[in-house]
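Working through the structure, step by step
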Amino acid sequence: QVQLVESGGGLVQAGGSLKLSCVASGRTLSSCVMGWFRQAPGKEREFVATISRNGGSKYYADSVKGRFTISRDNAKNTVYLQMNSLKPEDTAVYYCAADMTPRVRATMTWEYDYWGQGTQVTVSS
């Protein structure tokens with residue numbers, strides 16, 4: 001069992017930055033592919049970014065490419081999402097997720113086994 005807790009969300013003006021953190025307990029994160037997803041009101045949960053178990057491979061949704069950076073510190077059992085140049089359309093609840101299957105990349109919600117409770121990110125115009 002893996003417990004994930006996100007933090008770092010908040011209210012920011014367009015063009016600003018936020019850094020989200022996701023701390024895991026119950027199992028070492030080094031055995032998991034990690035991902036970030038987001039869900040805006042009235043919309044389905046969508047993929048944002050994913051990182052391989054050793055951090056060597058990263059993949060982003062086109063909507064955030066060049067603005068967001070996913071990283072991980074396996075020694076701290078933590079995954080991060082640095083978000084720069086934020087736009088109002090980035091407003092959503094952001095979730096981190098852990099995938100126990102030994103693959104390099106996971107971009108679909110059904111590929112993930114554990115989810116955090118989410119953290120709200122609101123970008124004002």
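Up top is the structure these notes are about.
If you're wondering where the values come from, they're calculated on a predicted model, not measured in any experiment.

Section: the pairing of strand S3 (residues 18-25)
- Of the pairings in the sheet, the one linking strand S1 (residues 3-7) to S3 comprises five bridges and is antiparallel in character. Considered in S3, the bridge of leucine 4 is made with alanine 24.

Here's the deal with the sheet that holds strand S7 (residues 68-73)
- Read across the sheet, four strands follow the order S1-S3-S8-S7 without closing on themselves; strand pairing throughout is antiparallel. Strand pairing shows two members of the sheet lacking a second neighbour, S1 and S7, which therefore form its edges. Direction aside, the axes of adjacent strands within the sheet are offset by 15 degrees on average.

Observations concerning the nonpolar core
- Leu4, Met34, Trp36, Leu81, Met83 and Tyr94 are the most contacted members of the largest nonpolar core, which has 36 residues in total.
- Secondary structure elements with two or more residues in this core: S3, strand S4 (33-39), strand S5 (46-51), S7, strand S8 (78-83), strand S9 (92-99) and strand S11 (119-124).
- Among residues more than four places away in sequence, those in contact with leucine 81 are Leu18, Lys19, Leu20, Trp36, Val48, Ala49, Phe68, Thr69, Ile70 and Tyr94.

Notes on the state of the cysteines
- Scanning the model with the defined rule gives one disulfide in all.
- The disulfide partner of cysteine 22 is cysteine 96, and the S-S distance across this bridge is 1.9 Å. Sign of the S-S torsion, about 45 degrees for the bond between cysteine 22 and cysteine 96, identifies this disulfide as right-handed. Residue cysteine 22 is located in strand S3, and its partner cysteine 96 is located in strand S9; the two are separated by 74 residues in the primary sequence. Judged on exposure class, the residue cysteine 22 and its partner cysteine 96 are both buried.
- No disulfide involves cysteine 32; its sulfur sits 10 Å from that of cysteine 22, the nearest cysteine.
- For cysteine 32, a relative accessible area of 0% gives the class buried.

Overview of unusual backbone geometry
- Positioned with a positive phi, asparagine 77 is a non-glycine residue whose angle comes to about 55 degrees.
- Relative to the elements of secondary structure, asparagine 77 occurs in the loop between S7 and S8.
- In this model, serine 85 sits at a positive phi of 50 degrees, which is unusual for a non-glycine residue.
- As for its placement among the helices and strands, serine 85 is situated in the loop between S8 and S9.
- With a relative accessible area of 41%, serine 85 lands in the partly exposed category.

Comments concerning the packing of aromatic side chains
- Counted according to the given criterion, the structure contains five aromatic pairs.
- With centroids separated by 5.2 Å and ring planes inclined at 80 degrees, the aromatic side chains of phenylalanine 37 and tyrosine 112 adopt a geometry described as edge-to-face. In this pair, phenylalanine 37 sits in strand S4 while tyrosine 112 sits in the loop between S9 and strand S10 (114-115), placing the two residues 75 residues apart along the sequence. The same class applies to phenylalanine 37 as to tyrosine 112, namely buried.
- When the centroid spacing of 6.0 Å and the interplanar angle of 25 degrees are considered together, the rings of phenylalanine 47 and tyrosine 59 count as stacked. Pair noted here: phenylalanine 47 is in strand S5 and tyrosine 59 is in strand S6 (residues 58-60), with a separation of twelve residues, a long-range link.
- Judged by relative accessible area, phenylalanine 47 falls into the buried class, the value being 14%.

What counts and what doesn't
Numbers given for residues are sequential positions, taken from 1 along each chain in its written order. Since the coordinates come from a predicted model, pLDDT governs what is reported: local features require at least 70, and pairs of side-chain atoms require 80 or more to be given and counted, while whole-chain, interface and lining totals use all residues. Side-chain calculation: all heavy atoms of the structure are included, whereas hydrogens and water are not. If DSSP finds at least two bridges between two strands, the strands pair. Runs of H or I in DSSP of at least four residues are treated as helices and runs of E of at least two as strands, each being numbered from the N terminus. Note on method: axes are straight lines fitted to C-alpha atoms, helices fitted across the in-contact stretch only, with angles between N-to-C directions ranging 0 to 180 degrees. As used here, the term nonpolar core means buried Ala, Val, Leu, Ile, Met, Phe, Trp, Tyr and Cys residues forming a set that is joined through side-chain atoms within 4.5 Å. Residue exposure (1.4 Å probe, protein chains only): buried if accessible area is under 20% of the type maximum, exposed if over 50%, otherwise partly exposed. Contact definition: two residues touch when any of their heavy atoms are within 4.5 Å. Cysteine sulfur pairs qualify as disulfides if the two atoms are within 2.5 Å. A pair of aromatic rings is counted whenever rings of Phe, Tyr or Trp (Trp by its six-membered ring) have centres within 6.5 Å, and the orientation is called stacked for planes under 30 degrees apart, edge-to-face for over 60 and tilted otherwise.

These results come straight from atomic positions and should not be treated as a statement about function.
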